[in-house]
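Results of the structural survey
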Amino acid sequence: MSKLPDFEGLAMFAKVAEEGSFAAAARVMGVSVPTVSRAVARLEERLGGRLFNRTSRQLSLTEFGHSMAGKAGEIYRQAEEVEGEAMELSVQPRGQVRLAVPMSFGLRWVAPLLPKLIRQYPELSIDLHLSDASVDLVADGFDAALRIAALPDSSLVARRLCAVTQFLVASPAYLQQHGRPQHPRDLANVPCLSYAYRARTQVWRFTDASGTEEDVVPNGPLRVTNSDAMLPVLLEGLAISELPEFIASEYLADGRLERLLPEWSMTRGGLYFVTPSARTRPAKIRALSDFFHEHLSDPAWRWEGKVIS
């Protein structure tokens, strides 16, 4: 005998007791009369007692059946409620979403969107985890993440939102004192700041219009786990570094930083909305994915050489 309760048998018994006949219960549940009859007989055998007195004209509960009918009916009603709530959740964006987002990107570009997200989906609750360290969505219990990478993890379902460009930058004070590098090879012997969580490798890879590639291993006085920590050193003119466009654009626009080697492009990555699996995507996840696609696919941080006067 199975250790699991016979939920089907209990449900069909409850419906027969409520409707007063096997035929009426079968009609309500959308199954055949033999299916209901077999389920009730199986339940009686399992429980070791008759639930109904049956004649050709009448069906009535036994004393044992009376004692079971109320409890079986409550199980049936609870199952209907659970199923109803689950179906509602699959249609309406409701409930908590655990979301992992890189620290600097989250503070600059996700946090300002939260008021609009909350107003648009008042029944959503966002548990926002800000960290530059890559999290394991499944092992750490996250529903989704925004990730910035050259390529997303192949084990995740990823929706690309936009490209993320890296810029090599320095302050005017640094350039005045040390001069402007003319080629990636010029970076070999100058102080360069590095980012600890850079995807794949610590090598800076440059490519020019002809497809020529140059690799540089940055070497300098500071290595950080968050790009914002580089800014005071960069702004003081003590080093060169790469910054993602979503951070750099503000400083390039007002002249506090300048872009270096513009004829060489650095490795381009993308911003992705990632989830552990596409097999079950409740409404809350679909809504969040669409929300970020709407607001981040054409981002406000794009910099095209414009300068604030």
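For the structure, see preceding data.
In what follows, the accompanying structure is described.

Scanning the model with the defined rule gives 15 salt bridges in all. The closest approach of N and O atoms between Arg54 and Glu44, which form a salt bridge, is 3.4 Å. Taken together, the positions of Arg54 in strand E1 (residues 52-54) and Glu44 in helix H3 (residues 33-47) put the pair 10 residues apart, joining distant regions of the chain. On the accessibility criterion, Glu44 (11% relative accessible area) is buried.

The strands that make up a sheet pair up through hydrogen bonds in the backbone, lying either parallel or antiparallel. Strand order across the open sheet formed by 3 strands is E10-E9-E14, with antiparallel pairing between neighbours. The open sheet terminates on both sides in strands that have one partner only, identified here as strand E10 (213-216) and strand E14 (265-266). In the sheet, strand E9 (residues 204-207) pairs with E10 via 4 bridges, with the strands oriented antiparallel. Looking at the pairing, Arg205 lines up with Asp215 of E10.

With that out of the way, let us pick up the nonpolar core. Looking at soluble globular proteins, one finds that nonpolar side chains tend to be buried together. By size, the foremost hydrophobic cluster in this structure holds 42 residues, and its most contacted members are Phe105, Leu146, Leu243, Leu271, Phe273, Phe292 and Leu296. In contact with Leu271, other than residues within four places in its own chain, are Phe105, Leu146, Arg147, Ile148, Arg159, Arg160, Leu161, Cys162, Val164, Leu296 and Trp301. In this structure, Val16, Val36, Val40 and Leu61 belong to the second largest nonpolar core, which totals 19 residues.

In this section: the packing of aromatic side chains. Geometry of an aromatic ring pair is reported as the spacing of the ring centres plus the angle between the planes. The tally for this structure, following the rule as stated, stands at 8 aromatic pairs. Between Phe105 and Trp301, the ring centres sit 5.6 Å apart and the planes meet at 80°, which makes this aromatic pair edge-to-face. In this pair, Phe105 is assigned in helix H5 (residues 103-110) and Trp301 in the segment after helix H10 (283-296), connecting sequence segments 196 residues apart. By relative accessible area, which is 1% here, Trp301 ends up buried.

Next up on the list: the packing of H5 against helix H9 (residues 245-253). Two numbers describe how H5 lies on H9: the axes approach to 10 Å, and their chain directions differ by 60°. Judged by the angle between their axes, H5 and H9 are oblique. Residues Ser104, Phe105, Arg108 and Trp109 of H5 form the contact with H9, whose own contacting residues are Phe246, Ile247, Glu250 and Tyr251.

You can see Leu59 is positioned in strand E2 (residues 59-61). Note: C-alpha distance between Leu59 and Asp215 (156 residues apart in sequence) is 85 Å.

The next point concerns the packing of helix H2 (residues 22-29) against H3. Running from N to C, H2 and H3 cross one another at 110°; their axes reach a closest spacing of 8 Å. By the angle between their axes, H2 is roughly perpendicular relative to H3. When you trace H2 past H3, the crossing you get is right-handed. Residue-level inspection shows Phe22, Ala23, Ala26 and Met29 of H2 in contact with H3, the latter providing Val33, Val36, Ser37 and Val40. Its residues placed into classes, the contact of H2 with H3 shows 7 nonpolar, 1 polar and no charged.

Rules behind the numbers
- Residues numbered from 1 in each chain as written.
- Predicted model: local features only at pLDDT ≥ 70, side-chain atom pairs only at ≥ 80, totals over all residues.
- Heavy atoms only, no water.
- Salt bridge = Lys/Arg side-chain N within 4 Å of Asp/Glu carboxyl O.
- Helix = DSSP H or I, 4+ residues; strand = E, 2+ residues; numbered from the N terminus.
- Buried < 20%, exposed > 50% of the residue type's maximum accessible area, 1.4 Å probe, protein only.
- Pairing = 2+ DSSP bridges.
- Core = buried A, V, L, I, M, F, W, Y, C linked by side-chain atoms within 4.5 Å.
- Contact = heavy atoms within 4.5 Å.
- Phe/Tyr/Trp six-rings, centres within 6.5 Å; stacked < 30°, edge-to-face > 60°.
- Axes fitted to C-alpha atoms, helices over the stretch in contact; angles between N-to-C directions.
- Parallel < 35°, antiparallel > 145°, perpendicular 65-115°, else oblique.
- Left-handed = near helix turned anticlockwise from the far one by under 90°.
- Nonpolar A, V, L, I, M, F, W, Y, C, P; charged D, E, K, R; others polar.

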